[in-house]
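# Notes for the structure review
Each chain, letter by letter, is given below.
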Amino acid sequence: MTTFIELLLGGLSIGSVYALIALGFVVIFKATEVVNFAHASLLLAGGYVTAVLHDDIGFWPALGVGIAGAAVVGSAIEFFVMRRYRGSDQSVLAIVTIGVDILLTTELVRRMGTDVMSLGDPWGDDVVTIGGVTLAETRIAAFLVAGLLITVFLLAFRFTSWGVSMRAAAENPQTAALMGIRLGRVSLSAWAVAGALAAVAALFLTVFPTPGLERATSLAALKAFPAAILGGLDSTTGALVGGLVVGVTESLATGYQSDLSFLGRGIGDLAPYLVMVVVLLIRPAGLFGTKELSRV
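Where charged atoms from two side chains of opposite charge approach closely, those side chains can pair. Applying the stated criterion across every chain yields a total of four salt bridges. In this structure, Arg110 engages Glu107 in a salt bridge whose closest nitrogen and oxygen atoms are separated by 2.7 Å. Placement of the pair is Arg110 and Glu107 together in helix α4 (residues 90-112), with a separation of three residues, close to one helical turn. On the accessibility criterion, Arg110 (55% relative accessible area) is exposed. In this structure Glu107 comes out as partly exposed when scored by relative accessible area, which is 30%. For Glu250, the salt bridge identified is with Lys223, shortest N-O distance 2.7 Å.

Given below as structure tokens:
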């Protein structure tokens, strides 16, 4: 029972980080109706800046610069690349983001080389033990920080003028533009927010018990993609639920991998995608996605 609780809590923690990444997918999709496959490079960029600067200026300032840097990179992608293709088919724009991701990731990996980079976090390998259940302090911090950021985002999305503009643009961009909402500004802010969230996620994906930032870190964005899909690409609530589902599923499948050996090795990495497929077979729009009705 202790093992199950540890796996469950660990899954909720890493799931909250996946939710941050999934929220980035959702924000951009709601603002532009584009699936952003460049999200992995935004995550890697934020982590790289933090890792490079923390020895010189300290962890917290470096993290702030990393978050700001990822937001700037996201804004630059929107302004210099995506805006040039405005009005194109969404599938074309998605392919463009794949090209952007390849370019940015290749350059960042070239700079990183084969090194595993530390982000200099203050938690180290400290753990907390309560009632026989052991959990790394980094996992607790990840859950609390992710929960706070998601709450702040949802409140801003619901009650601020920026959130109203975002929701209006997602509901009907043509009408929103006629009402004076600047769609370019909404899109730019969506990319910036997504980049900032990805940078925070990069921190908690590279701290203990993982070794640090490496070229494979960007693949974590691919684990968050099923979270966004099964929750519903146009649902902020779905991103949160989807992230937790994926995190718990991955943690339990990995922890009980020996008991699931009949399913093959690496079931922990495969489990989130299996859950996504099952959910989409039942609800093609995702758990909280909007169903599109067509008159024929």
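Let's shift gears to the packing of aromatic side chains. This structure, assessed with the given rule, holds ten aromatic pairs. With a centroid separation of 5.5 Å and an interplanar angle of 65°, the aromatic rings of Phe25 and Phe225 are classed as edge-to-face. Here Phe25, found in helix α1 (residues 2-32), pairs with Phe225, found in helix α9 (residues 220-231); they are 200 residues apart in sequence, far enough to count as distant. Note on Phe25: relative accessible area 4%, which makes it buried. Aromatic pair Phe59 and Trp60: ring centres 4.7 Å apart, planes at 70°, arrangement edge-to-face.

Our next topic: a nonpolar patch on the surface. Nonpolar side chains collect at one region of the surface, where Met1, Phe4, Ile5 and Leu9 lie side by side and expose about 370 Å² of accessible area between them. With respect to the helices and strands, the residue Phe4 is situated in helix α1. Classification of Phe4 as partly exposed rests on a relative accessible area of 32%.

In this structure, strand β1 (residues 127-130) lies alongside strand β2 (residues 133-136), joined through four bridges in antiparallel fashion. For Thr129, the partnering residue across the bridge sits in β2 and is Thr134. Hairpin connection of β1 to β2: two residues between the antiparallel strands, including Gly131 at a positive phi of 60°.

Turning next to the nonpolar core. One finds Ile21, Leu203, Phe204, Leu205 and Leu213 to be the most contacted residues of the largest nonpolar core, which totals 72 residues. No other element matches α1, which puts 13 residues into this core. Discounting residues that sit within four places of it in the chain, Phe204 has contacts with Val17, Trp123, Thr138, Arg139, Ala141, Ala142 and Val145.

This part is about the side chain of Ser13. By secondary structure assignment, the location of Ser13 is in helix α1. Using a relative accessible area of 2% as the deciding quantity, one classes Ser13 as buried. At 2.6 Å, the side chain of Ser13 and the backbone oxygen of Arg139 are in polar contact. The residues contacting Ser13, other than those within four sequence positions of it, are Arg139, Ile140, Ala142 and Phe143.

To continue, consider the packing of helix α6 (residues 161-171) against helix α8 (residues 183-206). The axes of two packed helices give the description: the angle between them and the distance between them. Close contact between α6 and α8 brings their axes to 10 Å; oriented N to C, the two are set at 110°. In terms of orientation, α6 lies roughly perpendicular with respect to α8. Contacts from Trp162, Ser165, Met166 and Ala169 in α6 reach Leu183, Val186, Ser189, Ala190 and Val193 in α8. Its residues assigned to classes, the contact of α6 with α8 shows seven nonpolar, two polar and no charged.

With that settled, consider the side chain of Thr105. Mapped onto the secondary structure, Thr105 falls in helix α4. Of the polar contacts made by the side chain of Thr105, one reaches the backbone oxygen of Asp101; its length is 2.8 Å. If near-sequence neighbours (up to four positions away) are discounted, Thr105 is found in contact with Ser41, Leu44 and Ser218.

Rules behind the numbers
Residues numbered from 1 in each chain as written. Predicted model: local features only at pLDDT ≥ 70, side-chain atom pairs only at ≥ 80, totals over all residues. Heavy atoms only, no water. Salt bridge = Lys/Arg side-chain N within 4 Å of Asp/Glu carboxyl O. Helix = DSSP H or I, 4+ residues; strand = E, 2+ residues; numbered from the N terminus. Buried < 20%, exposed > 50% of the residue type's maximum accessible area, 1.4 Å probe, protein only. Phe/Tyr/Trp six-rings, centres within 6.5 Å; stacked < 30°, edge-to-face > 60°. Patch = residues over 30% accessible without salt bridge, like charges linked within 9 Å, V, L, I, M, F, W, Y side chains within 5 Å. Areas by Shrake-Rupley, 256 points an atom, 1.4 Å probe, with all protein chains shown as cover. Pairing = 2+ DSSP bridges. Core = buried A, V, L, I, M, F, W, Y, C linked by side-chain atoms within 4.5 Å. Contact = heavy atoms within 4.5 Å. Polar contact = N/O pair within 3.5 Å; in protein donor to acceptor, adjacent residues only side chain to side chain. Axes fitted to C-alpha atoms, helices over the stretch in contact; angles between N-to-C directions. Parallel < 35°, antiparallel > 145°, perpendicular 65-115°, else oblique. Nonpolar A, V, L, I, M, F, W, Y, C, P; charged D, E, K, R; others polar.

Limitation: the analysis is restricted to geometry and does not speak to function.
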